[in-house]
Protein chains: 2
Amino acid sequence: MVLGALPGFRDFYPAELAERTHIFATWREVARRFGFVEYDGPPLEPLELYTKKSGDEIVGQLYNFVDKGDREVALRPEMTPTLARMVAARANALRKPVRWFSIPQLFRYERQQRGRLREHFQLNMDIVGESDVTADAELLVGAIEIMRLLGLGPDDVRARVSDRRILHGYLLAAGVPDAAFGAVLAVVDKIDRQPRNVSEDKLRTLGLDADAVRAVMAIPECTTLEGMQSLHVRGSEEVVREFSRFASYVEALGGGAYLQPDLSIVRGLAYYTGIVFELFDAKGELRAICGGGRYDTLLKQSWGPDLPALGFGMGDVVLGELLRARAILPAAPPGVDVWVAFGDGATVEDAMRVTSRLRARGISVEYALGGQQLSRQLKAAAAAGARDAVILGAPNAGLGEAMVRRLGDSQDGSKERRVLLDDWIGTLGSPGATRSSTHS
Amino acid sequence: MVLGALPGFRDFYPAELAERTHIFATWREVARRFGFVEYDGPPLEPLELYTKKSGDEIVGQLYNFVDKGDREVALRPEMTPTLARMVAARANALRKPVRWFSIPQLFRYERQQRGRLREHFQLNMDIVGESDVTADAELLVGAIEIMRLLGLGPDDVRARVSDRRILHGYLLAAGVPDAAFGAVLAVVDKIDRQPRNVSEDKLRTLGLDADAVRAVMAIPECTTLEGMQSLHVRGSEEVVREFSRFASYVEALGGGAYLQPDLSIVRGLAYYTGIVFELFDAKGELRAICGGGRYDTLLKQSWGPDLPALGFGMGDVVLGELLRARAILPAAPPGVDVWVAFGDGATVEDAMRVTSRLRARGISVEYALGGQQLSRQLKAAAAAGARDAVILGAPNAGLGEAMVRRLGDSQDGSKERRVLLDDWIGTLGSPGATRSSTHS
């Protein structure tokens, strides 16, 4: 009887962990290029951290409990409250704009459906302390460059972008009353996924006249910059000009090919105040890869500092599905560089001494821990995915000599060659290597 | 009012996260050199996973609760049960010996004392499926090489090693009854930390005669290989020969200078069956850096597969304290490589285009998101820890030219030089860089 993991939780065997490592390493690499520094917070937080912002209804989706010190606590369902808490605690000391990223594991107790998970890892990149749309462009292009570095081009992924304030101005101009704004946004969010007449009925129920209904139903058709620029927006003309500036910044930063203005992007969360965006697979088969935007009032409303902010979350699950479908994820962890084998003329201690010298040069090495026939050692070397086997104490090898066999490369005619051991080691890696090839 | 993290939980601001990254990267680098592959399991597991092996008394130290699906669950307090569960589920399919490592965050609800934390990260390295002491040597030297790569030499850290079976044979030969073995080990574990007469009294209470008490009290004096070899051990003579073989393997693998046989090493957990070890700071001021050993019967007793196994856990907290005391931790996350500044003759979009080209070559770049005076931009560049500032549109720069200023290197007389922008970019990084300098 073998217990499994809890439903909705993943075991990462080495093959799956290698996929995760590939995604994390790409996230970190792009964050580094963009000058973002990594932070982290506790996976367990006071429950109040989440109820304060989202109200008590979020509790139904949390892994929350009372700890042994009678504290109400919860596994973190999102990272932004932790970010807000940490920034608030040092708001004055931090260099602005803050460019921070983190890769937390997040937890939600959701009804299990369609293999939906209850945990995932999510890259969070946030900029705090800059109100200009240059920051919005910088952040979005960060997300786009992750796609590019993973091998996903503009034909694979689209960055759909809108601005909450433009949408607001458009609805106002169309005669939608301010009070109905939230409810209308909820309908807009579903226009693509429900029959046209259902959406129209809902809008009429909200008190919209025929013109207003027509205007709302036209929102998903606004998918170009020119379309955004020609919208009739009441009181949001300056915002439209800012949006155009934003689009040209995205272009200058190299992300233009991915950009797709789309007035229908709403984002579920209520706290966005400006430009919002989502990254989608171009075929539209998957859920969003990434979502984010500007939330200028959140920090002030939650923990105090009146700092403009923007950020996005990008999970590992949908992204992994897309990369797997495109066959651009590593299939397995890499094998070792070298297998040290030993024949009758050498001992396991000889193998260990060579192993130690190789590892000190940054080379990854395995050898047969238990004593084995040479032929079995070489089979083990192939099974381990070793690139080369070096054979000590082979029948025809002289003093200080060894045979080096290239494994897993059958095209190579000269599979085995005799080497002077010291010379051969000297050609590999570098002495006293520190972290020449960190792979994480 | 700013909420803090829960007591015993850490916020990792970028400076602390950089320390953690340094430790994690070194762990991963040594694991890679030793041919270990990374795995991970869920931080939340069925409670039964822990009560099965350790009994119900462990529950007092767990973060356990009932989830919304009425499951008894717990935040993982250790990784070995998850490892055992995962190996058991694929025992036949896995290549042996299994060389796996993981860096889980672990949780224990301990009474808060001396700043004791309730979470920590712990490297777990395990070998499953090899009974020979070559594996014990390989594993211990893995731990030792982590010390070396972190900059901790044999004068900084000692690897104290014993063998449960030698200790058993020694106690038997000294006349300690088998039934008192566990209780006597508990006394041995504390000999260093309590007055001599307290230990002696306890041993007498356990029914030991004067000779047996003397023999037990002499255990901490056995701290050399010769001492171990000359012990009077009943029925464990073969084990002593194995221990000598183990010691010569540690030497062959390059770890000999750190090795310190020490019969008094007991290890708290009951499940060890052979060689056990602990890494300590040489001054003996801190708790153990690392502890582990062979647990050949655990897998069979827990989830089924009859596979010998051994492993160690190395936490980030004590190790971090030692590295900080030696001042061999990075003080802060690295600054960006290049700051792109722009004077009156250039725009932020010019800066963005240069930024984009540099980042595509793997260079980390920041620039002023909001418009700023050039002098303020250069101050910001210095504050960001940038190595170089490249200045576009400077008064005397011609078409396609820029000024490059070396920052934070006041010894350099020629601080600023004129460059052809294209040529200069060509000297940096590499085009289409993928992950030339992943830092994690």
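Anyway, here's the lowdown on the structure attached to this text. The model shown is predicted, which means the values in this text are computed figures rather than measured ones.

**What to know about the environment of Asp-189 of chain A**
In step 1: With respect to the secondary-structure elements, Asp-189 of chain A resides in helix α6 (residues 181-190).
In step 2: C-alpha of Asp-189 of chain A to C-alpha of Pro-220 of chain A: the two residues are 31 residues apart in sequence and 9.7 Å apart in space.

**Digging into the relation of the copies chain B and chain A**
In step 1: You can overlay chain B on chain A at an RMSD of 0.0 Å; the transform is a turn of 180 degrees with a shift of 0.0 Å along its axis. Here the symmetry operator amounts to a two-fold rotation axis.
In step 2: Looking at the interface residues of chain B, 100% of them are also at the interface in chain A, so both copies use one shared face.

**With respect to the interface of chain B and chain A**
In step 1: Listed by partner, the interface residues are 105 residues for chain B and 105 residues for chain A.
In step 2: Between chain B and chain A lies a buried interface of about 9000 Å² when both sides are counted; carbon and sulfur atoms form 59% of it.
In step 3: Counting across the chain B and chain A interface gives twelve salt bridges.
In step 4: Among the ionic pairs, Arg-85 of chain B bridges to Asp-11 of chain A, the shortest N-O distance being 2.7 Å.
In step 5: Taken together, the connections running from chain B to chain A amount to 38 residue pairs in polar contact (both at pLDDT 80 or more).
In step 6: Element by element, the count of residues in the side of chain B that touches chain A is highest for helix α1 (residues 14-33) of chain B, at eleven residues.

**As for the sheet that holds strand β3 (residues 64-66) of chain A**
Residues and elements named next belong to chain A.
In step 1: Strand order in the open sheet formed by three strands is β2-β4-β3, and the pairing between neighbours is antiparallel. Two strands close off the open sheet at either side, each with one partner strand: β2 (44-46) and β3. On average, each strand axis in the sheet is tilted by 35 degrees relative to the strand beside it, whichever way the strands run.
In step 2: In the sheet, β3 pairs with strand β4 (residues 72-75) via three bridges, with the strands oriented antiparallel. Residue pairing for β4: Val-66 is matched across the bridge by Glu-72.

**A word on the sheet that holds strand β14 (residues 365-367) of chain B**
Residue and element names in this part refer to chain B.
In step 1: The strand order across the open sheet formed by five strands is β14-β13-β15-β16-β17, and the pairing between neighbours is mixed. Each edge of the open sheet is held by one strand with a lone partner, namely β14 and β17 (416-420). Across the sheet, the axes of successive neighbouring strands diverge by a mean angle of 30 degrees, strand direction being ignored.
In step 2: One ladder, built from five bridges, connects strand β16 (residues 401-406) with β17; its direction is antiparallel. Its bridge partner being in β17, Val-404 is matched across the sheet by Arg-417.
In step 3: Where helix α14 (residues 374-383) meets the sheet, it contacts β13 (338-342), β15 (388-392) and β16, and its direction lies at approximately 175 degrees from that of β13.

**Examining the packing of aromatic side chains**
Residue and element names in this part refer to chain A.
In step 1: All told, the structure shown has 25 aromatic pairs over all chains when counted by the stated rule.
In step 2: Residues Phe-12 and Phe-121 carry aromatic rings whose centres are separated by 6.1 Å and whose planes lie at 65 degrees to one another, so their mutual orientation is edge-to-face. With a gap of 109 residues between them, Phe-12 in the segment before α1 (14-33) and Phe-121 in strand β7 (residues 119-128) connect regions that are remote in the sequence. Here the two residues Phe-12 and Phe-121 agree in accessibility, since each one is buried.
In step 3: Through a chain of ring-to-ring contacts, the aromatic side chains of Phe-9, Tyr-63, Phe-107 and Tyr-109 assemble into a single cluster.

**Quick look at unusual backbone geometry**
In step 1: Here the residue pair Lys-96 of chain A and Pro-97 of chain A is connected by a cis peptide bond, since its omega of -10 degrees sits within 30 degrees of zero.
In step 2: Phi angles above zero are rare outside glycine, and Asp-70 of chain B is one such case at about 65 degrees.
In step 3: Its identity as a non-glycine residue notwithstanding, Ala-327 of chain B has a phi of 55 degrees, on the positive side.

Definitions and limits used
Residues numbered from 1 in each chain as written. Chains lettered and ligands numbered in written order. Predicted model: local features only at pLDDT ≥ 70, side-chain atom pairs only at ≥ 80, totals over all residues. Heavy atoms only, no water. Helix = DSSP H or I, 4+ residues; strand = E, 2+ residues; numbered from the N terminus. Least-squares fit on C-alpha atoms with pLDDT ≥ 70 in both. Contact = heavy atoms within 4.5 Å. Buried area = accessible area lost by both parts, 1.4 Å probe. Salt bridge = Lys/Arg side-chain N within 4 Å of Asp/Glu carboxyl O. Polar contact = N/O pair within 3.5 Å; in protein donor to acceptor, adjacent residues only side chain to side chain. Pairing = 2+ DSSP bridges. Axes fitted to C-alpha atoms, helices over the stretch in contact; angles between N-to-C directions. Phe/Tyr/Trp six-rings, centres within 6.5 Å; stacked < 30°, edge-to-face > 60°. Buried < 20%, exposed > 50% of the residue type's maximum accessible area, 1.4 Å probe, protein only.

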